[in-house]
Amino acid sequence: GLQKHIWTCLPVSVVVDSDGHTVSVQPTIKGQQIDQSGKVKHVDMPVLNDVRIHHMSGGGVTITTPIKSGDEGIVVFSSRPIDSWAQSGGAQQQIDQRMHSLSDAFYIPGVRSDARKLDNVSTSSTQIRTDDGQHVIDLKPGSGMTLTSGGVSMAMTPAGVAFNGGTIT
């Protein structure tokens with residue numbers, strides 16, 4: 001019964017566009033309330049506000065993405081309060097003893113439901129792409145890089161550069 005009160009990770013949907021650092025998200029798994037007769041009622045969980053966004057980074061390089069209303073992802077909950085760390089960075093003392101609180105969440109964008117899965121996901125290269133696949137930066141180990149925008153593409157390989165479609169300006 002105690003485990004019902006431990007939050008670890010939830011799928012969410014963005015409800016307010018991001019400022020690039022934090023976001024407001026709506027959990028997309030309903031909570032349960034049990035009335036006095038023991039009947040279970042499924043209810044929307046509260047919107048989580050000021051949730052810090054995870055941007056993949058390291059070594060002085062960061063990949064950012066625009067976060068918009070309706071985007072799916074997950075939130076993970078810190079096992080201890082993040083307030084002091086969030087404000088000052090570095091190693092900080094805990095402000096209280098709460099654990100796995102809904103107020104200590106981090107948003108990881110991009111985790112998708114089947115209803116919103118991407119078409120034509122590459123299983124042999126790394127891509128930075130638009131959801132519709134019209135604009136793609138494709139990095140393939142051993143082969144090189146391809147840039148595609150609409151019907152125009154440029155491939156950079158160990159053999160040279162190839163340009164298909166459009167004009168070079």
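All values derive from a computational prediction rather than experimental measurement.

A. Region of interest: the sheet that holds strand β2 (residues 22-27). Judged by pairing direction, the barrel is mixed, and its five strands sit side by side in the order β1-β2-β5-β9-β8 before closing back on the first. Averaged over all pairs of adjacent strands, the angle between strand axes in this sheet comes to 55°, irrespective of strand direction. Across five bridges, strand β1 (residues 9-16) lies against strand β8 (residues 72-77) in antiparallel orientation. Within β8, the residue paired with Ser13 across the bridge is Glu72.

B. Summary view of the layout of surface pockets. By volume, the largest pocket amounts to about 920 Å³. In terms of lining residues, the largest pocket is bounded by 26 residues, among which Thr65, Pro109, Gly110, Arg112 and Arg129 are the most central. Breaking the lining of the largest pocket down by element, the ones donating at least two residues are β9 (105-109) and β10 (126-129). Of the residues that constitute the lining of the largest pocket, the class distribution is nine nonpolar, 10 polar and seven charged. If you add up the space inside the second largest pocket, you get close to 330 Å³. If you go around the second largest pocket, you meet 14 residues; those closest to its centre are Lys4, Trp7, Lys30, Gly31 and Gln32. Counting residues per element, the lining of the second largest pocket draws most heavily on strand β3 (residues 31-34), at four residues. Looking at side-chain class alone, the lining of the second largest pocket contains seven nonpolar, four polar and three charged residues.

C. How the structure looks around the pairing of β10. Across four bridges, the pairing between β10 and strand β11 (residues 135-140) is antiparallel. The residue bridging Gln127 from the neighbouring strand is Asp138, located in β11. Turn length for the β10-β11 hairpin, with the two strands adjacent in sequence and antiparallel, is five residues, and the turn residue Gly133 shows positive phi of about 75°.

D. Structural detail: the pattern of salt bridges. Here the structure, examined in full by the defined rule, presents five salt bridges. Its salt-bridge partner being Asp83, residue Arg98 comes within 2.2 Å of it at the nearest N-O pair. Here the residue Arg98 occupies a position in the loop between α1 (83-88) and β9, and Asp83 occupies one in helix α1, the gap between them amounting to 15 residues. Notably, a salt bridge pairs Asp104 with Arg98, separated by 2.7 Å at the nearest N-O pair. Classification of Asp104 as buried rests on a relative accessible area of 0%. Look at the salt bridges and you will find they share partners, linking Asp83, Asp96, Arg98 and Asp104 into a network.

E. Molecular detail of the nonpolar core. Formed by 14 residues in total, the largest nonpolar core has its most connected members in Val23, Val25, Val51, Val75 and Tyr107. Listed by contribution, the elements that provide at least two residues to this core are β1, β2, β5 (48-53), β8 and β9. Setting aside its immediate chain neighbours within four residues, Val51 contacts His21, Thr22, Val23, Val25, Val75, Ala105, Phe106 and Tyr107.

F. Geometry of a nonpolar patch on the surface. Taken together, the side chains of Val15, Val16 and Val47 define a hydrophobic patch exposed on the protein surface, amounting to about 200 Å² of accessible area. Structurally, the position occupied by Val47 is in the loop between β4 (40-43) and β5. The class for Val47 is partly exposed, based on a relative accessible area of 35%.

Rules of the game
Residues numbered from 1 in each chain as written. Predicted model: local features only at pLDDT ≥ 70, side-chain atom pairs only at ≥ 80, totals over all residues. Heavy atoms only, no water. Pairing = 2+ DSSP bridges. Helix = DSSP H or I, 4+ residues; strand = E, 2+ residues; numbered from the N terminus. Axes fitted to C-alpha atoms, helices over the stretch in contact; angles between N-to-C directions. 1 Å grid on protein atoms, 1.4 Å probe; cavity = no way out; pocket = protein on both sides within 12 Å on 5 of 7 lines; lining within 4 Å. Points joined across faces, edges and corners; volume = space filled by probe spheres on them. Nonpolar A, V, L, I, M, F, W, Y, C, P; charged D, E, K, R; others polar. Salt bridge = Lys/Arg side-chain N within 4 Å of Asp/Glu carboxyl O. Buried < 20%, exposed > 50% of the residue type's maximum accessible area, 1.4 Å probe, protein only. Core = buried A, V, L, I, M, F, W, Y, C linked by side-chain atoms within 4.5 Å. Contact = heavy atoms within 4.5 Å. Patch = residues over 30% accessible without salt bridge, like charges linked within 9 Å, V, L, I, M, F, W, Y side chains within 5 Å. Areas by Shrake-Rupley, 256 points an atom, 1.4 Å probe, with all protein chains shown as cover.

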